[in-house]
Structures are given as C-alpha cells and as structure tokens.
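Below are the chains, spelled out letter by letter.
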Amino acid sequence: MIMNSKPILLLFVLFSSSIALAQTATQTQPPNTKPDKSHPTTVVDKKPEDAGSRLFRQNCSRCHNAPEGFSPRISDTVLRHMTVRASLSMRDKAELLRFLNP
Amino acid sequence: MDMPGFHLQFRLFTIARSLRLSILTLVAFTFVHSMAAQNTPLLSGGIGFFSATTAGQTTYLPIFEPLLAAPIGPRLFIESRAVLLESFTPNGDGLPGYNHSHFIGLTYLQGDYTLSPHITVVGGSYLIPFNTYNDRLSPIWIGNFQRGPLIASLGTESTGTGTGGMLSGSAISRSKYSLSYNAYFSSLVNNSYFQAKRSAGGRVSLFVPNHGLEVGLSYNRLLQGVRENFYGAHVWWEPANSGFQLRSEFARGHHAQGYWIETAYRTQAFGGFDSIVGRLEPVFRMQQTFRRDNVVSDGLPPANTQIADFGLDYNLPHNTRILTSYSREFATTGNYNIWQTGIVYRFLTPAWKGK
C-alpha cells in the first residue's frame, strides 16, 4: 500500500506558516523612544529585561513552563539540578540565583 | 498465592525497601548541610491521569513521577526520578471489563560532582543524552504530548538509561552563544532495577540566545553484540517573546531512521500568556520512521510509519496542564486514529518543613 503523505505535509507547512506569521504579528514591539509629535501617545516606559530574567527565559523556559513560584529554600537546589540538566555555566547560575532571590 | 504474584509482591517490597533506605540515607546526609538557606533538598515531579483510545480501544493510565534532588555539600548533588503507574486496558476477544497491571521503577539515580566551572562528573544511572527528548522532554509535566516520539528509542539503547559515568557541562558561555557537551560511557548491567547496555557516546549543542536557536549533534555506539552506531541531530527554534516553539529531531540507526517536528504556540494578543486565551496551546507534531532493513531490534515500528499529531493543551493555573490530542497513524500494516486526553499536575516543594 502506498502511503499518501502529501496532504499531511501540506497541512504541516500551512500550520507552521500560519503560526510563524501569527507570532511575527504579535511579537512584543520595542518601546518607541522617538515620540511622534503629530500623534501624541502615552509612551510606556518598559524596563529592559534584566540578565536573570533573560537567562531564565533562555535556559529554563526553553524546555518547560516556569513553575508558579517555589520556596526560596530550594532555589539553589533547583539551580544545581538545572546546572546539570541544562548545562548552565557558573556565571549564569549565579545570575539566576540572584534573579530567584532578589 | 500464585508464584508470579508472590514474586511481584516480593519485588515491589524490595524496591520499596530500597527506596526507603535511599531516602533515609539522603535525608541523614543532607540534613546538616541543608540548614543553610536555599539548599534544602527538593521533591518535585508530576501526577497525571491519561486516557488513550487507539483504534477504538481505550486505556487509562494513572501515573506518578516523583523527583528527588539533594545537594550534599558545595560540589556533590544527588538526583533521582522514579515512575509509578497503573495501566488499565480493555480485555480482548470481546470480553467485557478491564485488565490492569502496575509498574514501579527508577528512571534514573545519579550523583553529580562539580569538578570545575566547565566540568560536571556524573556517576550512576543517568538518562542517555541522545538528541533532546530522552533527558529533557520525557517528564510527564514537560512533554506537549502524552506519547513520546517514535524515534525516542534510537540511540538511547531502548532503556533510555546508561549506568556508568558521564562528563557534561558548558564548554563556552558567551552572551551571543553557548556550547554545551556530554560524553558518557555505560557498562552492561543486567540488574532489573538499573538495566543498561554497554555503550558510549556524546552530544554537542550550540545555543544562540538572540535568535532562540539551538542546534545539536548526538552520537551513540553500542559496544556489545553487533556493534551499531546511532547518529542524531536536533534543531530548536524559540523566538523570544513570541510564544512560538519549533522542536525537531532526526535519528539514524543501523536498521532504521526517522524524524519528528513539533510546533507549539501561545498567544499574548488577548491579555498575555496568563489570560484565558493565552493559556491555550495548540500543538502539532509530524513524525516519520523508515526501516533500512528487516531487522527490528530498535523499538521502531516494523513497517515505515508516519503519524500526524494535532493537539490542544491548556495551561491551567497552579502548574496544571490539560493535554488533548488527535493522531492519525499511517503504516503499511494499517491506518488508525489515536485520541488522547490527560491532566498533569506538577509539584515542586522542599523535602521537609523548614523554619
């Protein structure tokens, strides 16, 4: 029996394309640093993402959803687990520890 | 009592006793060290209830995957994951009712010793780092689908675990890229708790954070019986602040090869990721396997197979996820539908109450 894979591949391409387009459209825009005088708007002063937050997104959220908080008593244990699981560097681990225990 | 039942009960009793002893030993070793803040051993894991209807037959699977992690001093770290499940499958031959069986086992039990900022020595029973699914996506609280990919057994010696030693770490870490590595050797172990084959291999991954891009190569060589090589490659793309994920793997063994590509998306357009709509996560996975010869020794289907998985997950508050999916499997042995639903709760807590 010959398997007909074309419809599935086509579906996959369409699905991926639509998601890629959707994510491009909804990506967070950088704050506008040059206010347009002809159309005055409230400029949202977004704080730049700090190193810990960025590292958390890049290393932890890459595989799994961030847990909704946990006891600070285990923050170092979590990071030591992730150091092996996600091959964190010592510098990143220290930054993440500061992020988890501000 | 019949003998198989007696043996099973005796085995469960032995495992339970071993686990109790291990936990007590860990508690004794770590209690003093953990009095300092942030170092308390943790209990984590997932509790789930899954159902799957394959070709009209529905199975139910309550499952518990606990994870224990305990630091011992500044350099040594012990971690282990286990699985306890009960599987309910319908009686065949038109008979009413369900048959059930249970399984308890250690997934891995390893010690990690931080030798230097770039080298961690791992010893014990560890998850084989071949591609990404086995050691990064297999926990039930992480995977977007109930079922793992078909090629998960390629390069992981079917058991998924090696028993021996491994070096791993971050070789280079810069703001624009990082390079991580794993290199391992596993010896042959026939013990029923830590079954492993004699093998060696490694993985190298390059991560470019600004583009959310990760690419990696894996290699595994079986060093017993017929020596076989396994090659793997993975590509992940997760653009920042987009909610979009693309993960893919390719694996090639001596007798078969295959790939999977998975996409997932969460929108921020309707109030962010934590809004009712933002918690929805449509997922899609395409996978194909191809036999290279007629020797079926690697866990892949005996015939060329392709599966399209369409899923819709919902990320509830309090670390709970609902996973649903419809899959259509195409193979020369027959085509059929697979419907899956499940719920998983992930917990993460200190191993004991503190001050």
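Residues numbered from 1 in each chain as written. Chains lettered and ligands numbered in written order. Predicted model: local features only at pLDDT ≥ 70, side-chain atom pairs only at ≥ 80, totals over all residues.

This part takes up the overall build of chain B. Scanning chain B from terminus to terminus reveals two helices and 16 strands. The contacts in chain B between residues at least 6 apart in sequence include a share of 52% that link residues at least 24 apart. (Helix = DSSP H or I, 4+ residues; strand = E, 2+ residues; numbered from the N terminus. Contact = placed C-beta atoms within 7 Å.)

What follows deals with the overall build of chain A. Secondary structure assignment for chain A yields four helices and zero strands. Listing every helix and strand of chain A by position from the N terminus yields α-α-α-α. When burial is assessed residue by residue, chain A has 22% of its 102 residues classed as buried. (Buried ≥ 20, exposed ≤ 12 C-beta atoms within 10 Å, placed from the backbone.)

Let's shift gears to the pairing of strand E3 (residues 76–90) of chain B. Residue and element names in this part refer to chain B. Here nine bridges tie strand E2 (residues 57–72) to E3, and the two strands are oriented antiparallel to one another. Following the sheet pairing, Leu 68 is matched in E3 by Ser 80. What sits between the antiparallel neighbours E2 and E3 is a turn of three residues, in which Gly 73 has the positive phi angle 75 degrees. Where E3 lies against strand E4 (residues 98–116), 15 bridges are found, and the strand directions are antiparallel. Directly across from Ala 82, in E4, lies its bridge partner Leu 106. (Pairing = 2+ DSSP bridges.)

Turning our attention to the nonpolar core. Counting 25 residues, the largest nonpolar core has Tyr 126, Ile 151, Leu 154 and Leu 300 of chain B as the members making the most contacts within it. At three residues, strand E5 (residues 119–127) of chain B tops the list of elements feeding residues into this core. If near-sequence neighbours (up to four positions away) are discounted, Tyr 126 of chain B is found in contact with Tyr 108, Gln 110, Thr 161, Gly 162 and Met 166 of chain B. Counting 14 residues, the second largest nonpolar core, distinct from the first, contains Phe 56, Ile 74 and Val 78 of chain A together with Ala 351 of chain B. (Core = buried A, V, L, I, M, F, W, Y, C linked by C-beta atoms within 7 Å.)

Let us look at unusual backbone geometry. Residues and elements named next belong to chain B. A positive phi angle, close to 50 degrees, is found at Ala 55, a residue other than glycine. Structurally, the position occupied by Ala 55 is in the loop between strand E1 (42–54) and E2. Positive phi values are uncommon outside glycine, yet Glu 157 reaches one of about 60 degrees. Within the element layout of this structure, Glu 157 appears in the loop between helix H2 (133–137) and strand E6 (161–173). What makes Glu 157 buried here is the crowd of 25 C-beta atoms within 10 Å.

On to the pairing of E6 of chain B. All names here are of chain B. With eight bridges joining them, E5 and E6 adopt antiparallel strand pairing. Bridged to Thr 120 within E6 is Ser 168. What sits between E6 and strand E7 (residues 178–186) in their antiparallel hairpin is a turn of four residues.

Turning next to the packing of helix H2 (residues 51–60) of chain A against helix H4 (residues 90–100) of chain A. Residue and element names in this part refer to chain A. Running from amino to carboxyl end, H2 crosses H4 at an angle of 110 degrees, the nearest separation of the two axes being 8 Å. The angle between H2 and H4 falls in the class roughly perpendicular. Relative to H4, the crossing made by H2 is left-handed. Where H2 approaches H4, its residues Ala 51, Gly 52, Ser 53, Leu 55, Phe 56 and Asn 59 are matched on the opposing element by Asp 92, Glu 95, Leu 96, Arg 98 and Phe 99. (Axes fitted to C-alpha atoms, helices over the stretch in contact; angles between N-to-C directions. Parallel < 35°, antiparallel > 145°, perpendicular 65-115°, else oblique. Left-handed = near helix turned anticlockwise from the far one by under 90°.)

Now for the packing of helix H3 (residues 75–85) of chain A against H4 of chain A. All names here are of chain A. The geometry of H3 relative to H4 is characterised by a closest axis approach of 10 Å and an angle of 150 degrees between their N-to-C directions. Judged on the interaxial angle alone, H4 and H3 are roughly antiparallel. Regarding H3 and H4, the two cross each other, and that crossing is right-handed. Listed contacts from H4 to Ser 75, Asp 76, Leu 79 and Thr 83 of H3 are Lys 93, Leu 96, Leu 97 and Leu 100.

Our focus in this paragraph is H3 of chain A. Buried residues dominate H3 of chain A, accounting for nine of its eleven residues. Within the span of H3 of chain A, buried status applies to Ser 75, Asp 76, Thr 77, Val 78, Leu 79, Arg 80, His 81, Thr 83 and Val 84 of chain A.

What follows is about H2 of chain A. Residues and elements named next belong to chain A. Residues of H2 that are buried: Leu 55, Phe 56 and Asn 59. An end-on view of H2 places all buried positions within 105 degrees of arc, on one side of the element. Taken together, the buried residues of H2 touch H4. (Arc of directions from axis to C-beta.)

Residues and elements named next belong to chain B. Considering the arrangement of structural elements, one finds Leu 179 in strand E7. By the C-beta count within 10 Å, which is 15 here, Leu 179 ends up partly exposed. Residues within four places of Leu 179 in sequence aside, it is in contact with Ala 171, Ile 172, Val 204 and Leu 206.

This paragraph deals with the confidence of the model for chain A. Residues and elements named next belong to chain A. On average, chain A scores 66 in pLDDT, and the residues at 70 or more come to 51%. At the level of individual helices and strands, chain A shows its lowest average pLDDT in helix H1 (residues 6–26), which scores 49, and its highest in H3, which scores 90. Here residues 18–47 is a poorly scored stretch, pLDDT under 50, and it has 22 contacts once near neighbours within four places are set aside; other chains count. (pLDDT = per-residue confidence, 0-100.)

Residues and elements named next belong to chain B. By the secondary structure assignment, Leu 84 is in strand E3. Judged by the 15 C-beta atoms lying within 10 Å of it, Leu 84 is partly exposed. The spacing of Leu 84 and Trp 236 is 152 residues in sequence and 31 Å in space, taken between C-alpha atoms.

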